[in-house]
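Each chain, letter by letter, is given below.
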Amino acid sequence: MESRRNPRAVVDPKVRQVGFFTSSQPDSTQQQQPDPIASVSSPPVSTISPSGNSLSPVMIPPPRHNSSDTFPLRGAAAAAASAVSPSSFSYSSRRDFPDGSMTASPGRVSRGSFVKSYVPVASSLPGVGIDSMAAAKSSSVPATGLTTVSVVNMPPGLSEEVQSDQKNNSKSLKEKTTKAERRALQEAQRAAKAAAKAEGGGKVPPVTLGSVAGTSVKAAKTAKPTSQKNDVVVAAGPSEKKGGPSEKDRKKDAPHPRMQYDDESRVVKAKRRAVVKQTEAKNRVELFRHLPQYEHGTQLPDLETKFFQLDPMHPAVYKVGLQYLSGDIAGGNARCIAMLQAFQEVVKDYSTPPEKTLNRDMTAKISSYVSFLIECRPLSVSMGNAIRFVKNRIAKLPITLSESEAKAALQSDIETFINEKIIVADNVIVKHAVTKIRDGDVLLTYGSPTAVEMVLLRAHELRKKFRVLVVDSRPKLEGQLLLRRLIKRGINCTYTHINAISYIMHEVTKVFLGASSVLSNGTVYSRVGTACVAMVANAFRVPVLVCCEAYKFHERVQLDSICSNELGDPNAISKVRGREDINYLDGLTNNTNLQFLNLMYDATPSDYISMIITDYGMVPPTSVPVIVREYQKEHVLV
Amino acid sequence: MPDVQSMVVEFVNKLRKRKIEGSQATAKYTVELLRSVISQHRVPHANQAAALIDAVKAVGEQLVAANPVELAVGNVVRRVLHIIREEDLSLTTAAMAGLDLLDASDDDDEDNCKGIGYPAMSAAVVAAARSTLRPPSLQTLLEGTPESATVPYTSSSGADSESKTADKSSITRKLKHDVIEGVNQLIHEIAGCHEQIAEQAIEHIHQNEVILTLGSSRTVLEFLCAAKEKKRSFRVFVAEGAPRYQGHLLAKELVARGLQTTVITDSAVFAMISRVNMVIIGAHAVMANGGVIGPVGVNMAALAAQKHAVPFVVLAGSHKLCPLYPHNPEVLLNELRSPSELLDFGEFSDCLDFGAGSGSPLLQVVNPTFDYVPPNLVSLFITDTGGHNPSYMYRLIADYYSADDLVM
């Protein structure tokens, strides 16, 4: 299948290859030369779409279909196993493929058989398939006709055979590769992608994709960097491949940030390793089996006694973890800053153990800390982004730096992140948002968003005359804290519960909301109830402005509030604080028919949002993916 | 009638202090009070209907003024008035039909007609009376009798029928009897509306359904339990309904009856509505345009349901049908409760005091009781007479109330 190429490609390192491969020159030439088709069949293809050359079917990362992920996995497994010599590996993996279907072995391959052999691959790897078809279409006449014809002519037996073979492979592969390894590969790819983007543009000629389908664009993007910079992968993705067994174990320790808790075997495994012994809530809500539902308040004393036994845990991290657990630190920014500051402590006290490199050991350490924090409370998106940043910085520390220099660099990097992405960003948001407040406005806010609070205080300092409606909801009643702070400053406030939102929406002129995260389909993921407020505001034709720092943006997409969420303490619902007369449910908490659902977040559809105010300016929700893309580029460049 | 008067005063006080909660309880008390008013009212021989109506109206006005937000009181008063008018009309038409048959050419008949204000012939009177009792038909439309035929009739002075005294006295006794009979029927209807509505549950709830409800309504409770008794297994989400937490009460009852119940916070309504098959709520009152007044937070749930195309079903007994068209009901037909339900005064006393000196306090607390759902958000009304569209409500109301009572 690596047959389509320009004769020129002999000197060009960007070649289509099978399996895991490096950009090493001899390898690619070896592959090319025995191919008779290379020069015969389709020179126009490669000239028209040069991107096709650098495409690698292997490197398509997202395993959407079962069949399509067999190949990347295969590559991953092999990579993990024999990462020492990647170049030799690319051959070994190729040897595994069923002969007629995959390997374009010299001499034996005629035109027809080549295409035939190509088709099954296309069927199992949609991205590549589309690419190849598109490439073929864009090429000159013979290629097109040939492809279509051979699709029709393809003997069914062959394809079935291939598929079944792949299935077998994948099965054995899945057994072989652990989850951590698979994840390691993905991370490596991500790192490589990022790294390539950093210096990518110059080297690679701008891709003229023309008719090539969107999936292939993706493939090209991921593949390109890897083909050029495999060395970066090894150095940059420290997690990954070459780490010793101890590191691998630690990787396994880390529960996946979005682990599905309805998978019992995994939960049992994760539990065995967990530091924090959580007891599961008794009456779990069926719809939310996939989320962790623990009893709250039981783990704290246990953890406190463990304090002196937990050698590997840094005290700063431990403290932050306990604060998360007890709810002392809440709110995306506060949690993120606390975590980063703990990491700064970690870096400060860090010394590289003998026979280890700083990059890898520290990443492993951070990962284990993160897994501890996840056990205390699931990560917020902002924290996830910050962790990604920290790991990225560690990975990209030049090896030439001495330990103290590296530590200083890391600490200042983290400091910069806190300053730029959170503190300065908030100031910029305030500057933007204040321009939207006019005299006589009645502003509504929900919960206790820090950014909005800053906006309101600033507007008050500017002597704007406005009134604030603080809408609150059970069980946290965070609005009361905000209410108190605003009143202390002399701002005129009205307080109510979320149920009364329709009653007070008549007088509101603008709604200001905070966000835990903004997802790339424009969905605002925020404190539960935000969606209700935005919906009612929308129904009353009141503009909804969301204040959110750009570091909280995420490329994930989400349509509902169920697939990914966090569950709070169910007992907080059955008991009403400060209202002893409400005790209807006191004796019923153990009844199997009764469940309490304490959702923490919900997803607000983007059509309710008029504007998102970020540190990059005021944008409509449709522009979020643009910012996500731009931000991540910058994220790497910083 | 001192005892009736004292009962009225007592009830008015209860209403004023909001001691009676729930429209069904209020309706029941009201109708029982009105029954004793009617039974103890000494009816004059002449024009007894008008006298009865006046008496009921006088009491009704007091009751409505005591709690104008509790629309069930007004509804029941109007229902009773309607019963009186209907019974009177049917008696008169029956009597007149008899007269017509007996002595059709008698001039006394003409006299009688003049006396009660009809310029037309007695046949027209009968037709008019029929037209108010029976559903409109093509025949009545063709005859062109004015619909308001009963208006002058009921308010007419009783200067007639000197010659028919004996006949009339029998009618008098019969009228009061019939009215009390009718009122008893109304009491029965109000008491039995839960069962009537619950009977329809099985037609609306299917297996494995997920139902969201809000607030605490006995109608909803009975409705869900009726479906449960028919061996349907389904799941109920109950929004807790802060700050009154009536959802907790409902959840407790549901759990006691063995239903799978999940209590959610009010803020999670939007998050959960995408997994809900149907929203069922009990109304506080149903307006003539099909709008619903319900527990606070209902409008939010209705909007969310509309967004996700989830049917929004309102259960309402017929005593909740209000013949008025609402204007700005969120404010005008609402009631603000104590702020202490939202904020602990001890906690915020300094903030509240802060504004006391300057005249306007910095902190205000809003705690409304009701919420209005416009008719376009309601999918279906289930009343004791069956399911209806919001757009049909005005017609149902025409069945229960007579037009002259709308403004009391």
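Quick notes on the rules
- Residue positions are given per chain, counted from 1 along the sequence in the order it is written.
- The naming scheme follows written order: chains are lettered A onward, ligands numbered 1 onward.
- This being a predicted model, a pLDDT of at least 70 is required before a residue's local features are given, and a value of 80 or more before pairs of side-chain atoms are given or counted; all residues contribute to the totals for chains, interfaces and linings.
- Water and hydrogen atoms play no part in the side-chain values, which are based on all heavy atoms of the structure.
- Criterion for a salt bridge: a side-chain nitrogen of Lys or Arg within 4 Å of a carboxyl oxygen of Asp or Glu.
- A helix here means a DSSP run of H or I that spans at least four residues, while a strand means a run of E at least two residues long, and both kinds are numbered starting from the N terminus.
- Any pair of Phe, Tyr and Trp rings, taking the six-membered ring for Trp, is counted once the centres come within 6.5 Å. Such a pair is stacked with planes under 30 degrees apart, edge-to-face with planes over 60 apart, and tilted for the rest.
- Partly exposed describes any residue whose relative accessible area lies between the buried limit of under 20% and the exposed limit of over 50%, with all areas from a 1.4 Å probe on protein chains only and scaled to the type maximum.
- Charge-over-ring placement is defined geometrically: NZ (Lys) or CZ (Arg) within 6 Å of the ring centre, and within 35 degrees of the ring normal.
- The pairing criterion for strands is at least two bridges between them, as found by DSSP.
- Here the axes come from fitting lines to C-alpha atoms, over the contacting stretch only for helices, and the angles between their N-to-C directions go from 0 to 180 degrees.
- Any two residues whose heavy atoms approach within 4.5 Å are treated as being in contact.
- Disulfide: a pair of cysteine sulfur atoms within 2.5 Å of each other.
- Remark: nonpolar core denotes a set of buried residues (Ala, Val, Leu, Ile, Met, Phe, Trp, Tyr, Cys) joined through side-chain atoms within 4.5 Å.
- Predictor confidence is given residue by residue as pLDDT, running from a minimum of 0 to a maximum of 100.
- When two parts are brought into contact, each loses some accessible area as probed by a 1.4 Å sphere; the total of that loss over both is the buried area.

All names here are of chain B. Tallied over the full model, the rule gives 23 salt bridges over all chains. The residue Glu 21 makes a salt bridge to Arg 244 at a minimum N-O spacing of 2.6 Å. Here the residue Glu 21 occupies a position in the loop between helix H1 (2–16) and helix H2 (23–40), and Arg 244 occupies one in the loop between strand E2 (235–239) and helix H12 (246–256), the gap between them amounting to 223 residues. As a salt-bridge pair, Glu 341 and Arg 337 come within 3.1 Å of each other at their nearest N and O atoms.

Taken as a whole, this structure holds six aromatic pairs over all chains when the rule is applied. Ring geometry for A:Tyr318 versus A:Phe372: centroids 5.6 Å apart, planes at 10°, classification stacked. One end of the pair, A:Tyr318, is in helix H18 (residues 315–326); the other, A:Phe372, is in helix H20 (residues 358–376), with 54 residues separating them in the sequence. Take A:Tyr318 and A:Phe372: they sit in the same class, and that class is buried. Ring geometry for A:Phe417 against A:Tyr551: centres 5.8 Å apart, planes inclined by 85°, an arrangement best described as edge-to-face. Of this pair, A:Phe417 sits in helix H22 (residues 403–434) while A:Tyr551 is found in the loop between strand E7 (544–547) and strand E8 (553–554), placing the two residues 134 residues apart along the sequence. The same class applies to A:Phe417 and to A:Tyr551, which are both buried. Through a chain of ring-to-ring contacts, the aromatic side chains of A:Phe389, A:Phe417 and A:Tyr551 assemble into a single cluster. Residue placement shows A:Arg527 over the ring face of A:Tyr601; its charged tip is 5.8 Å from the ring centre. Positioned above the aromatic ring of B:Tyr29, the side-chain terminus of B:Lys14 is 5.3 Å from the ring centre.

Sheets are built from strands paired through backbone hydrogen bonds, the pairs being either parallel or antiparallel. Strand order in the open sheet made by the eight strands is E12(A)-E11(A)-E7(A)-E4(A)-E1(A)-E2(A)-E3(A)-E8(B), with mixed pairing throughout. Unpaired on one side and paired on the other, strand E12 (617–619) of chain A together with strand E8 (363–365) of chain B mark the two borders of the sheet. Across the sheet, the axes of successive neighbouring strands diverge by a mean angle of 25°, strand direction being ignored. Across six bridges, strand E2 (residues 466–472) of chain A lies against strand E3 (residues 492–497) of chain A in parallel orientation. Residue A:Val471 lies in a different strand from E3(A), and its bridge partner there is A:Thr496. Of the strands in this sheet, strand E1 (441–446), E2 and E3 of chain A together with E8 of chain B touch helix H24 (residues 478–488) of chain A, which is tilted by about 160° from E2(A). Across the sheet, helix H26 (residues 530–539) of chain A lies against E1, strand E4 (510–514) and E7 of chain A, angled at about 160° from E4(A), the strand it touches most.

Under the criterion given, the structure shown has zero disulfides over all chains. The thiol sulfur of A:Cys532 is not disulfide-bonded, and the nearest other cysteine sulfur, from A:Cys563, lies at 18 Å. Among the cysteines around B:Cys193, which has no disulfide bond, B:Cys225 carries the closest sulfur, lying 15 Å off. B:Cys193 gets classed as buried once you look at its relative accessible area, which sits at 2%.

Looking now at unusual backbone geometry. Between A:Arg474 and A:Pro475 the backbone carries a cis peptide bond, its omega angle lying at -5°. Within the secondary structure, A:Pro475 is located in the loop between E2 and H24. Residue B:Pro243 follows B:Ala242 across a cis peptide bond; omega there is 0°. Of note, B:Arg18 is a non-glycine position whose phi angle comes to about 55°, a positive value. Its place among the elements puts B:Arg18 in the loop between H1 and H2.

This part is about the nonpolar core. What tends to happen in soluble globular proteins is that the nonpolar side chains get buried as a cluster. Membership of the largest hydrophobic core comes to 85 residues, with the highest contact counts inside it found for A:Leu444, A:Val511 and B:Phe312. Setting aside residues up to four positions removed in sequence, B:Phe312 forms contacts with B:Val279, B:Ile281, B:Val298, B:Ala301, B:Ala302, B:Ala305, B:Val373, B:Leu377, B:Val378, B:Ser379 and B:Leu380. In this structure, A:Tyr318, A:Ile329, A:Val390 and A:Leu410 belong to the second largest nonpolar core, which totals 42 residues.

With that settled, consider the confidence of the model for chain A. Residues and elements named next belong to chain A. Here chain A averages 69 in pLDDT, and 54% of its residues register 70 or above. Per-residue pLDDT stays below 50 along residues 1–15; that stretch engages in 51 contacts with residues further than four places along the chain or on separate chains. Below a pLDDT of 50 lies the segment residues 199–254, which in the model reaches 99 contacts outside its immediate sequence neighbourhood of four places, other chains included.

On to the interface of chain B and chain A. Listed by partner, the interface residues are 55 residues for chain B and 61 residues for chain A. Buried surface at the junction of chain B and chain A, summed over both partners, amounts to about 5000 Å²; 63% is from carbon and sulfur atoms. Linking chain B to chain A there are three salt bridges. Of the charged contacts, one joins B:Arg275 and A:Asp560 as a salt bridge, the two residues approaching to 2.2 Å between their closest N and O atoms. Every element with two or more residues in the side of chain B that touches chain A is listed here: E2, H12, strand E3 (260–264), helix H13 (269–273), helix H14 (298–307), helix H15 (329–332), helix H16 (345–354) and E8 of chain B. Of the pairings in the sheet, the one linking strand E9 (residues 594–597) of chain A to E3(B) comprises four bridges and is parallel in character.

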